[in-house]
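# Descriptive structure summary
Now for the letters of each chain:
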Amino acid sequence: MSLVRRGAVGVSRFVVGHASAFSREWAEGLAREVEVIAGDWEALGWAVGSLPVLLDRREAPLASLAEVPAAVRRLGSFGRYPEEKATWLVFLYPAIFMGENLLHATHTQQRAGYGLALCGWVASGISSYFNRPRRPDRAMRPIGDWTLFYPRDIGSWTRYYKSELETRLDRLRSPLIWVNAFALLCVCAGLIIGSEGYALANASIVPVFTISVPFVFYGRWRLRRRLDRLNELLVSLE
Amino acid sequence: MDLKIRRSPQTTRVLFEFLKAKSAWRYGYDLSRATGLKSGTLYPILMRLAERGLLETNWESAPEEAGRPPRHMYKLTQDGLRHARTETAAEPVSAIGEPAFDGVAL
C-alpha cells in the first residue's frame with residue numbers, strides 16, 4: 001500500500017472514529033468507498049472530502065427507552081453536581097478585588113468604573129446563584145447503585161432523564177441567563193472606564209460573550225429535541 | 001414528514017442520476033463519478049435526502065470481491081422518486097449537466 005493510500009485510509013478512519021452518532025453510518029459509508037477507488041490520489045481526495053462529516057455533531061435520536069440509561073450517562077452529570085455549589089462563587093470572588101480597587105480609587109472616573117464593575121460581578125454572582133443547576137429530586141433517581149445495576153429499572157431512568165432535561169431546559173430559558181450576560185458587560189465597561197482605557201484587554205470578554213449567545217440557543221434546541229423524542233417514545237407506549 | 005429540501009443544481013443532478021436507474025442500489029463513489037460531485041458535496045446531499053425520507057440506505061449484503069468490507073448503498077424511496085420527477089422536470093437541462101443534443105454534428 002502506497003503512502004498516499006495509507007494517508008487516505010488514515011483520514012477516513014479518523015473521520016469514522018470521530019463522527020457523531022448521527023453521522024457515523026455516513027462516515028463509514030464514505031470510508032468503505034476509499035477501498036474501491038483505484039487511484040491513490042483520488043482516494044486521498046475522497047477521504048479529505050469526507051472531513052466535513054465531522055462538523056455534523058447531531059446525536060442519533062433515541063430509538064427506544066432501553067437507550068435511556070446510556071443517554072443519561074452521556075449527559076455526564078449523573079450523581080455529581082459540583083457546579084451546584086461553586087459556580088456562582090467564581091463570579092463573586094473577583095468582586096472582592098474590585099471592592100479593593102474601589103476603595104483605593106483616587107478620582108471620580110475610577111470610582112464610577114470600578115463601582116460599575118463591582119455591581120456587575122455581584123449581579124452576575126447573584127443571578128448565577130439563583131440559576132444554578134439543581135439536583136433532580138432524589139425520588140426521581142434510578143434505584144440502586146447506577147454503576148452496578150446499570151439497566152435495572154428503565155422506568156426510573158426515564159423519569160430521571162426527563163426531569164434532568166426539563167431542569168436544564170428551564171435553566172437555559174431563565175431570564176437570569178441574560179441578567180448574568182448584562183452584568184458581565186457592565187464588568188467590562190466598568191473596567192475600561194475605571195482603568196481609563198488601560199484595561200481594554202478585558203473587553204475581550206465581549207466577543208467571547210457574543211460567540212456564546214448562539215450556544216445558548218443551540219443548547220435549548222438540543223434539549224428540546226431530546227425531550228420531544230422522549231415524549232414521543234412515552235406516548236407510543238401508552 | 002417534511003419533504004422540503006433546498007433546491008440546488010447539485011441536488012438536481014443527484015436526483016437525475018438516481019432517476020436513470022430507479023430501482024437500482026447505487027454506491028457513493030459511482031454517484032460521485034456520474035454527477036461529477038466531490039464526496040464533500042455529494043454526501044451532505046445524500047444525508048439531507050435520507051433525513052427527509054427521500055432516500056433509502058442499506059449495506060451491501062455480499063461484496064463482489066471476497067474480503068472487501070460491504071459498501072453503503074442508496075436508492076430513492078417512493079416519495080423520493082416523486083420528488084425527483086418534480087424537481088428534475090422543473091429544472092432546465094443545462095442545470096442538470098446533460099447535453100441536449102448529444103452526438104449531433106453542426
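Source: prediction; values computed, not measured.

## A few points about the overall build of chain B
Secondary structure assignment for chain B yields five helices and three strands. Each helix and strand of chain B, placed in order from N terminus to C terminus, yields the pattern α-β-α-α-β-β-α-α. The buried share of chain B, taken over its 106 residues, is 42%. Contacts spanning at least 24 positions in sequence make up 63% of the contacts within chain B whose residues lie at least 6 apart. Carbon and sulfur atoms provide 51% of the accessible area of chain B, an area that totals close to 6,000 Å².

## A closer look at the packing of aromatic side chains
Within the structure shown, the criterion is met by eight aromatic pairs over all chains. Pairing A:Trp46 with B:Tyr29 gives two aromatic rings, centres 5.8 Å apart and planes at 85°, and the pair type is edge-to-face. Separated into two different chains, A:Trp46 in helix 3 (residues 40-49) and B:Tyr29 in helix 2 (residues 28-35) make up a pair that spans both. Judged by its relative accessible area of 7%, B:Tyr29 is buried. Grouped by ring-pair contacts, the aromatic residues A:Trp26, A:Trp46, B:Tyr29, B:Tyr43 and B:Tyr74 constitute a single cluster. Between the NZ or CZ atom of B:Arg71 and the centre of the ring of B:Tyr27, over which it lies, the distance is 3.9 Å.

## Some thoughts on the confidence of the model for chain A
Summing up the model confidence of chain A, the mean pLDDT is 79 and the portion of residues at 70 or higher is 81%. The least confident element of chain A is helix 4 (residues 68-75) of chain A, whose mean pLDDT is 76; the most confident is helix 3 of chain A, at 92.

## Regarding the nonpolar core
Grouped together as the largest cluster of nonpolar side chains are 35 residues, with contacts concentrated most on B:Val14, B:Phe18, B:Tyr43, B:Leu46, B:Leu55 and B:Tyr74. For this core, the element with the most residues is helix 3 (residues 39-51) of chain B, which contributes six residues. Contact partners of B:Leu55, with chain neighbours within four places excluded, come to A:Trp26, B:Phe18, B:Leu46, B:Leu49, B:Ala50, B:Tyr74, B:Lys75, B:Leu76 and B:Thr77. With 15 residues, the next largest nonpolar core counts A:Leu65, A:Leu75, A:Trp157 and A:Leu169 among its residues.

Criteria and cut-off values
- Residues numbered from 1 in each chain as written.
- Chains lettered and ligands numbered in written order.
- Predicted model: local features only at pLDDT ≥ 70, side-chain atom pairs only at ≥ 80, totals over all residues.
- Heavy atoms only, no water.
- Helix = DSSP H or I, 4+ residues; strand = E, 2+ residues; numbered from the N terminus.
- Buried < 20%, exposed > 50% of the residue type's maximum accessible area, 1.4 Å probe, protein only.
- Contact = heavy atoms within 4.5 Å.
- Areas by Shrake-Rupley, 256 points an atom, 1.4 Å probe, with all protein chains shown as cover.
- Phe/Tyr/Trp six-rings, centres within 6.5 Å; stacked < 30°, edge-to-face > 60°.
- Lys NZ or Arg CZ within 6 Å of the ring centre and 35° of its normal.
- pLDDT = per-residue confidence, 0-100.
- Core = buried A, V, L, I, M, F, W, Y, C linked by side-chain atoms within 4.5 Å.

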